[in-house]
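Given next are the chains, with one letter for each unit.
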Amino acid sequence: MMKLTRTSAAIVAVGCLLAAIPRPNALAASCAVVSELAAFVSKETGYRGPAACPPVQVTTTAVLRSMFAKAYAHGEEPLAAYLPDSGQILLSPTIDLTTALGRSYLVHEIVHAAQAANDRPASTSCSGLLESEAYWVQARYLRAHGLAEAARRFELLSIMHGACPQPY
């Protein structure tokens, strides 16, 4: 039988503490982070924020792919989703909320939560306008954090989504 010394007990205790430290994307559950990002969204859009802190949960890539099967079939990798029925935000386990790029995905979904809180209908004459706005605010967040190159990609996505077909 192995004798437990103070040193080995300390090593086990440190290991347990390290296992309990949340991974970067586990910060998704933090209402303080969501509130800070919601304030940015409100400043950029003029929307009032969601009435309550939207629950943010890390989900599997497979779940996000199944929710956005059409986009995934065209080569897009879904990284986050806002679920209007529950008010929940889902994030891919690959998103690192300790980075501005990672938080920008949460900003994008908070825009959708704010759109819902401000009675922006999910089905408009062009649903791409809602996506366009979310991508644009995401780009603004990235620019505000010195990530101009990443911001340009989201600005292009915003323009593409906002190019709604017009009736003649």
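Residues numbered from 1 in each chain as written. Predicted model: local features only at pLDDT ≥ 70, side-chain atom pairs only at ≥ 80, totals over all residues. Heavy atoms only, no water.

Tracing the sequence through the fold places Glu109 in helix α5 (residues 100-117). Residue Glu109 is classed as buried on the basis of its relative accessible area, which comes to 6%. Distance in space between the C-alpha atoms of Glu109 and Glu131 is 9.6 Å, their sequence separation being 22 residues. Beyond its immediate chain neighbours, meaning those up to four positions away, Glu109 contacts Ala80, Ala81, Tyr82 and Ile89. Looking at Glu109, its side chain comes within polar contact range of the main-chain nitrogen of Tyr82, at 3.0 Å. (Helix = DSSP H or I, 4+ residues; strand = E, 2+ residues; numbered from the N terminus. Buried < 20%, exposed > 50% of the residue type's maximum accessible area, 1.4 Å probe, protein only. Contact = heavy atoms within 4.5 Å. Polar contact = N/O pair within 3.5 Å; in protein donor to acceptor, adjacent residues only side chain to side chain.)

A residue-level look at the chain finds 74% of positions with pLDDT of 70 or above and a mean pLDDT of 79. Counting contacts from residues 1-29, a segment whose pLDDT is below 50, to residues more than four positions away or on other chains yields 20 contacts. (pLDDT = per-residue confidence, 0-100.)

Disulfide: a covalent bond connecting the sulfur atoms of a pair of cysteines. In this structure the tally under the stated criterion is one disulfide. Each disulfide pairs two cysteine sulfurs, and for Cys31 the partner residue is Cys53, the sulfurs being separated by 2.2 Å. A residue pair is termed long-range when its members are at least 10 positions apart, and Cys31 in helix α2 (residues 31-45) and Cys53 in the loop between α2 and β1 (56-58) qualify at 22 residues. Judged by its relative accessible area of 36%, Cys31 falls in the partly exposed class. (Disulfide = S-S within 2.5 Å.)

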